[in-house]
Amino acid sequence: MKVLIDKILNDARSEIAASGSLKDLNDARVKFLGKNGEFTAVMKNLKDVPADERPLVGKLVNEAKEKIEKLIAESEKLLSEKELKEKISAETIDITLPGKKSEYGSLHPISLVINEISDIFIGLGFDVTDGPEIETDLYNFEMLNTPKDHPARDMQDTFYISEDIVLRTQTSSMQIRTMLKQKPPIRIINPGKVYRSDFDSSHSPMFHQIEGLVVDKHITLCDLLGLLGEFAKKLFSAETKTRFRPSYFPFTEPSVEVDVTCSECHGKGCPLCKHTGWMEILGAGIVNPKVLENCGIDSNEYSALAFGMGIERIAITRYGISDMRIVFENDKRFLRNYR
Amino acid sequence: MKLPISWLNDFVTVKDVSVDDLSAKLVNAGFEIEEIIRQRDMRKNIFTAKVLSIKKHPEADKLDVCGVVSKDGKHFVIVTGAKNIKEGDTVPLALDGAELPNGKKIGDTVFRGITSQGMFCGGEELAITESDYKGASVNGVLIFDKDTPVGADINDVLGFDDIILDVGVTPNRPDCNSIIGLAREAAAVLKRPFTLKELKYKTIPLKIKDYINVEVKDDVLCPRYMAAYVKDVKIAESPIYIKKRLRSVGIKSINNIVDITNYILTEIGQPMHAFDLSFLAQSKIIVRRAAENEEIISLDGKSNILNGNMLVIADAEKPVAVAGIMGGLKSGINADTKNIVFESARFKRDSIRKTSKALNLKSDSQARYEKGVDFLSQELALKRALSLIDELNAGVIAEGFVDTLAHPLKKTVVKTTAKKINDILGITVPDKIISNILNSLEIATTIDKNGNLTAEAPLFREDILNANDLSEEVIRLYGYDKIVPTLLNDAHQTRGGKSTFQKTNERLKNALIGCGFNEIISFSFITGKAFDLLKLEQGDIRRRAIKLLNPLSEDLSVMRTTLTHSVLNAAAYNINKGNAEIRLFESAVVYLPDILPLKKLPNEKTRCALVIAGEKEDFYTLKGIIENVFDIFGTAAAYVRSKEAYLHPGRSADIYAGAIKIGSFGEVHPDVLKNYGIKDKKVFIAELDSDYIINSAVVIRKFRAAPKFPSVERDLAVIIDDTTDASTVVDVIKKYSGELLEKINVFDVFKGSQIPEGKKSLALSLVFQSYDRTLNDAEIKACTDNIIGGLKKEINGELR
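Numbers given for residues are sequential positions, taken from 1 along each chain in its written order. Whichever chain is written first becomes A and whichever ligand is written first becomes 1, with later ones labelled in order. Restriction of local features to residues with pLDDT of at least 70 applies here, the model being predicted, together with a cutoff of 80 or more for giving and counting side-chain atom pairs; totals for whole chains, interfaces and linings are based on all residues. To get the side-chain values, all heavy atoms of the structure are used, and hydrogens and water are removed first.

**Quick notes on the overall build of chain B**
Logical step 1: Of regular secondary structure, chain B possesses 20 helices and 39 strands.
Logical step 2: Oriented by its inertia axes, the alpha-carbon framework of chain B measures out at about 125 × 90 × 60 Å.
Logical step 3: In chain B, buried positions account for 52% of the 800 residues.
Logical step 4: Whether two residues are in contact is decided by their heavy atoms: any pair within 4.5 Å suffices. At a minimum sequence separation of 6, the contacts of chain B that also span at least 24 residues come to 69%.
Logical step 5: Reported accessibility uses the Shrake-Rupley method at a 1.4 Å probe radius. Residues are deemed covered only where the shown protein chains occlude them. Element-wise, carbon and sulfur atoms account for 51% of the exposed surface of chain B, whose accessible area totals about 37,500 Å².
Logical step 6: Under this rule, positive means Lys or Arg and negative means Asp or Glu; His and the chain ends count for nothing. A charge is said to be at NZ when it belongs to Lys, at CZ for Arg, at CG for Asp and at CD for Glu. Between the mean site of the 110 positive side-chain charges and the mean site of the 109 negative ones, chain B shows a separation of 2 Å. Think of it this way: any DSSP run of H or I at least four residues long counts as a helix, any run of E at least two long counts as a strand, and we number them from the N terminus. The rule is simple: take the accessible area with a 1.4 Å probe, protein chains only, and divide by the maximum for that residue type; under 20% is buried, over 50% is exposed, in between is partly exposed.

What follows is the structure, encoded as structure tokens:
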């Protein structure tokens, strides 16, 4: 019997070793350990073994079965690892094919710039206001120290709706609306659309401005420089320098144009800044006391600074847009660039 | 304002200052230099040459070969086709490397084997006219006078030797639209004296009043009228220096008298007019408002019909000039003029502006008057004119002036303190420097030991009214580079931020961006035809749009009452450019007037318009986007079939929140697509009331725990009439479901072989949920039985 058991064990060993797949292995398991397997046959013949040898044969059979089970388990582990490997390898895909995406949209570049500038001023304690685009001549001009015969009106070609109602030519009208409504201290910016009847590669009849106004005690020209310098550093870069040039606006006195060092060349001179090293970004000044008085604010107690900037000009330099008209063409290929 | 350096030098010494340095200083003082024109750079390397020999070109019938002597006594060979020269003539010769005013560059050129070492020039090639040099208009080569030096730079011969600054003058400084105004500034920035020479001239003992009678009938529109009388005038050409100066500022020389008025307009900034006395009936000058429908033919030959708001200069019978703007056709200086009256007046600025605009009549005088003329200039201008008459020996000057000054002249005195000026600036400028700067600008200033400042503005500075004006004068000369940055040191702390409306609108925009939309921005003014393109009914409220009085064009003439036109335009633009897949939105206001014409400001309402087109887009993708947005803001919306004329009647919906219509959307009507030039393409649009969505938005959502007990899902397929809307089925189910129904979703519609004709099958999934127990089958069955019964009863629905 022992010879027989050893033979079965050896057969099983070689068959397990020869199993190339989990299926072969399972066949081997059935053949040797199954209900109708070879060991079952041995056990069935146990009655032919002398009674005193039976325990020994039983023990040998069990030991042989354990050995085979162990061998099968080991082989099973190896085979299943191998098969998983093969499966994974067969599942390889071309990872350079494009992804299945749902395209993300975009804000208009003008909105992006307005948001960025608004965030800077919010950080400096400014409220963001809204105001009407169709505005009275009174708020757009007269209360801003620009009466009807004033030659400064030539600086802005105005769209009229009636003698007394205009499309606002500047967001400065919000200075008046804010000061009539709110007591100092005031710190506001007002982004919005403005309109002037001028249309070519560098002028659009509709464009955007952001107006800023601070009304408080002891506001000075130094504060204006400090505030706008801080703003320019945040908008462009920390090394940006700011300078004033004298200018004229009817509602500020003194009035200045504000230049910053070119964002492209940082002051060395390049085509963007026409080799001057500087870019003009906004107009500003100390609010003319007449404007404060027009709004019922005591100009002996309070003073104010104001500034106004064109968004398109900043957007055009920031993104290198070649022609103002492209900004409002609404071509998707232009717009989706600003995702 | 064109500022020739040589002219400036009459009033302040600048000859020894570099032009770049002067320009930089003027920029720092508030005068932009738009251009520096160096006349010599316009005609480079062109010299006078004497023609020594002229021979026929051996190979070309039409060409001659000339031997000339020119620059540095050198000899040159020039091939020319010009026929008007002869041996001994002196002509302009552009040598190798020369550049003509039109930008043409000259080099050695070979003509049939003979090299021409340059080119003879005609007047046209040199961009000069007869008034620059006699003979300049001759067809052919310009021939200089016999005594012209040979080998000379033609800029010296023609007098193109000046440098001209083109100065930008801001509207607060009308005085600087003159040579003397800018000279005062140049003197101040250079810290040099400004000198106005004493103006002298001979007069004869004739009283002007005996020759001319001036009467001002409206001293508001004409606060000062001055006149001078010159008899026995000799009309002639102006001397070279006057011609040259006028040419350098772009004014054509006419004759000595007209040139004098233009010279003074430039130098002093005072418009003048010269009347031929023989044309003034009864020798009268009456400054009056025009009669209604009075006519005057102006100098340019145009007939002008006047009205009572317009000021004219008239004689005893008729208007002879539109005051300050243009003289009449028959009152001006001509070759036979003998006796003249010089007018030097101040007219009200806005009166000139309005009249000029109404008559569409423009002139250099009118342009200057609109900027503002001070009270100092009238007398100065007359004296200067008479000194020139004397200098040119152009006539005999009567004694004295007519002067109708209505009110005594008063200078503005500003009383303030040095501290106030420094408070505006934020730095401390020493008292001495403040007073020095102001005095250098002729603002007579004293500061006492307590810091009290008194400043008297000169008559030519009507812009100086308060301490802020003085502070600007101080800092622009002290230097803006002295300002040091501070950050609102004394100001109150404020909290800033956006309004809830602004923040919510940004969320709305961001939601759309998440759905793949690109934001567009279109013009707020649209074509008046938009409402026809959209097929809006005649009575539609959106047709009541605000019109601009002065639009750029008909296409940009009406303030939009809807964004639909704009987004459709954008869609058409993109589709026609080949952008087949688009999702665009615009968030902007529309302008809704209460009454037209506008008496008060209109309502500006925020709207959001969407447009989509492309392979995968249909009514339901657009509706899905809208539902997504409404989910975000908690907008409760109901959909009813739309009657909007621009939408497909079977594929469009109006959106209602209760009784309020908050938008419309759907497929664009094929007729409308055609109107916008969109072919073979479906386009879907929506216009939503952002104001409503934002103002009713759920800002803070209250906490709600996720259910602890499992939900139960049941699918239901129900066969109903084809004409029954899904929303009706949903409404019935909700009515019969009881409170356990948590969610209901329509997931399929099927029509086909297994469904009877005229019917459709609607598949719905129902989710039942209890928050306090696990539901059992019996409970669910009771619910669904009830629903099935309800469907049968209400809409004859059968389970499939």
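Once you've had a look at it, read on.
**Thoughts on the interface of chain B and chain A**
Logical step 1: The interface is formed by 87 residues belonging to chain B together with 87 residues belonging to chain A.
Logical step 2: We define a salt bridge as a contact between a side-chain nitrogen of Lys or Arg and a carboxyl oxygen of Asp or Glu at a distance within 4 Å. Applying the counting criterion to the chain B and chain A interface returns 0 salt bridges.
Logical step 3: Each polar contact in these results corresponds to two N or O atoms within 3.5 Å; when the atoms are within protein, one needs to be able to donate a hydrogen and the other to accept it, and residues that are neighboring in sequence are counted only if both atoms are side-chain atoms. Taken together, the links from chain B to chain A amount to 39 residue pairs in polar contact (both at pLDDT 80 or more).
Logical step 4: Its residues assigned to classes, the side of chain B that touches chain A shows 40 nonpolar, 23 polar and 24 charged. In the scheme used here, Gly and all other residues not listed as nonpolar or charged are polar, with Ala, Val, Leu, Ile, Met, Phe, Trp, Tyr, Cys and Pro taken as nonpolar and Asp, Glu, Lys and Arg as charged.

**Notes on the packing of helix α6 (residues 256-267) of chain B against helix α9 (residues 377-392) of chain B**
All names here are of chain B.
Logical step 1: Axis lines are fitted to C-alpha atoms, over the contacting stretch for helices. Their N-to-C directions set the angle, which ranges from 0 to 180 degrees. Between α6 and α9, whose axes approach to 10 Å, the crossing angle comes to 140°. In this view, α6 runs oblique relative to α9, as classed from their interaxial angle. As for the relative orientation of α6 and α9, their crossing is right-handed in sense. Here α6 contributes Asn256, Ile257, Ile260, Tyr263, Ile264 and Glu267 to the contact with α9, which in turn contributes Ala381, Arg384, Ala385, Leu388, Ile389 and Leu392.
Logical step 2: When the residues that make up the contact of α6 with α9 are grouped by side-chain class, the tally is 9 nonpolar, 1 polar and 2 charged. The cut-offs work like this: below 35 degrees is roughly parallel, past 145 is roughly antiparallel, 65 to 115 is roughly perpendicular, and the gaps in between are oblique. Two helices crossing with the near one rotated counterclockwise from the far one by less than a right angle form a left-handed crossing, whereas a clockwise rotation gives a right-handed crossing.

**Let's talk about unusual backbone geometry**
Logical step 1: Residue proline 184 of chain A is joined to proline 185 of chain A through a cis peptide bond whose omega torsion reads 0°.
Logical step 2: For proline 185 of chain A, the position within the fold is in the loop between α7 (173-181) and β4 (186-195).
Logical step 3: In the Ramachandran plot, histidine 275 of chain A falls in the positive-phi region, its phi being about 65° despite a non-glycine side chain.
Logical step 4: The topology assignment puts histidine 275 of chain A in the loop between β7 (252-261) and β8 (278-287).
Logical step 5: A positive phi angle, close to 55°, is found at lysine 191 of chain B, a residue other than glycine.
Logical step 6: On the basis of relative accessible area, lysine 191 of chain B is assigned to the exposed category, the value being 76%.

**Remarks on the pairing of strand β25 (residues 444-447) of chain B**
Residue and element names in this part refer to chain B.
Logical step 1: Should DSSP find at least two bridges between two strands, the strands are regarded as paired. Bridge count for β25 against strand β26 (residues 452-456) is 4 bridges, and the pairing is antiparallel. Along β26, the bridge assignment pairs isoleucine 447 with leucine 453.
Logical step 2: In sequence, β25 turns back onto β26 through a hairpin of 4 residues, with glycine 451 there showing a positive phi of about 85°.

**Topic: the pairing of strand β6 (residues 90-99) of chain B**
Residues and elements named next belong to chain B.
Logical step 1: By the criterion of burial, β6 is predominantly enclosed, with 7 of the 10 residues buried.
Logical step 2: In this structure, strand β3 (residues 44-56) lies alongside β6, joined through 6 bridges in antiparallel fashion. If you follow alanine 49 over to β6, its bridge partner there is valine 91.
Logical step 3: Here β6 pairs with strand β9 (residues 118-120) via 3 bridges, running antiparallel. When the bridges of β9 are listed, alanine 94 appears paired with methionine 119.

**Side note on the confidence of the model for chain B**
Logical step 1: A residue-level look at chain B finds 100% of positions with pLDDT of 70 or above and a mean pLDDT of 94.
Logical step 2: Predicted complex, confidence summary: ipTM 0.86, pTM 0.85. The pLDDT value expresses, per residue, how confident the predictor is, ranging between 0 and 100.

**Section: the domain arrangement of chain B**
Logical step 1: An automatic or database domain assignment supplies the start and end points of every domain. Examined at the domain level, chain B breaks down into domain 1 (2-40 + 162-190), domain 2 (44-158), domain 3 (204-403), domain 4 (413-482), domain 5 (500-695) and domain 6 (712-799).
Logical step 2: Centre-to-centre, using C-alpha coordinates, domain 2 of chain B lies 44 Å away from domain 3 of chain B.

**Brief notes about the pattern of salt bridges**
Residue and element names in this part refer to chain B.
Logical step 1: For the structure shown, the criterion picks out 80 salt bridges over all chains.
Logical step 2: Across the salt bridge formed by lysine 86 and aspartate 89, the nearest N and O atoms sit 3.3 Å from each other.
Logical step 3: Relative accessible area serves as the criterion here: at 1%, aspartate 89 is assigned to the buried category.
Logical step 4: The residue arginine 289 makes a salt bridge to aspartate 218 at a minimum N-O spacing of 2.7 Å. Taken together, the positions of arginine 289 in strand β15 (residues 284-289) and aspartate 218 in the loop between β12 (213-216) and β13 (224-231) put the pair 71 residues apart, joining distant regions of the chain.
Logical step 5: Residue class for arginine 289 comes out partly exposed when judged on its relative accessible area of 38%.
Logical step 6: One network of salt bridges, in which partners are shared, links Arg173, Asp175, Glu185, Arg461, Asp463, Glu473 and Arg476.

**Side note on helix α5 (residues 240-248) of chain B**
Residues and elements named next belong to chain B.
Logical step 1: When α5 is considered as a whole, its buried residues turn out to be Ile242, Lys243, Arg245, Leu246 and Ser248.
Logical step 2: The inward-facing, buried residues of α5 contact β1 (2-4), α1 (5-8), β10 (163-168), α6 and α9.
Logical step 3: Positive backbone phi, at 85°, marks glycine 250, one or two positions downstream of α5.

**Remarks on the side chain of glutamate 267 of chain B**
Residues and elements named next belong to chain B.
Logical step 1: Along the chain, glutamate 267 falls in helix α6.
Logical step 2: Within the structure, the side chain of glutamate 267 is placed 2.5 Å from the side chain of arginine 384, a separation counted as a polar contact.
Logical step 3: Setting aside anything within four residues of it in sequence, one finds glutamate 267 in contact with Trp7, Phe11, Ser178, Ile179, Ile180 and Arg384.

**So, the sheet that holds β10 of chain B**
Residue and element names in this part refer to chain B.
Logical step 1: Reading across the sheet, the 3 strands line up as β1-β10-β2 and stay open at both edges, with antiparallel pairing between neighbours. Since the sheet does not close on itself, it has two edges, and those belong to β1 and β2 (32-38), each with one partner. Shown here is a sheet whose adjacent strand axes are inclined to one another by a mean of 25°, direction ignored.
Logical step 2: Bridging between β2 and β10 involves 6 bridges; their strand directions are antiparallel. Paired with glutamate 32 across the bridge in β10 is glycine 168.

**Some remarks on the packing of helix α19 (residues 726-737) of chain B against helix α20 (residues 777-795) of chain B**
Residue and element names in this part refer to chain B.
Logical step 1: The contact between α19 and α20 brings their axes to 8 Å, and the two run at 130°. In terms of orientation, α19 lies oblique with respect to α20. With respect to the hand of their crossing, α19 and α20 are arranged in right-handed fashion. Taking contact as the criterion, the partners of Thr728, Val729, Val732, Ile733, Lys735, Tyr736 and Ser737 in α19 are, on α20, Cys783, Asn786, Ile787, Gly790, Leu791, Lys793, Glu794 and Ile795.
Logical step 2: Looking at the contact of α19 with α20, its residues break down into 8 nonpolar, 4 polar and 3 charged.

**Let's talk about the environment of valine 312 of chain B**
Residues and elements named next belong to chain B.
Logical step 1: When you line up the elements, valine 312 lands in strand β18 (residues 311-314).
Logical step 2: Residue valine 312 is classed as buried on the basis of its relative accessible area, which comes to 0%.
Logical step 3: The spatial distance from the C-alpha of valine 312 to the C-alpha of alanine 653 is 65 Å, given a sequence separation of 341 residues.
Logical step 4: Leave out the neighbours within four places in its chain, and valine 312 touches Ile286, Val287, Arg288, Arg289, Ala290, Leu306, Pro319, Ala321 and Ala323.

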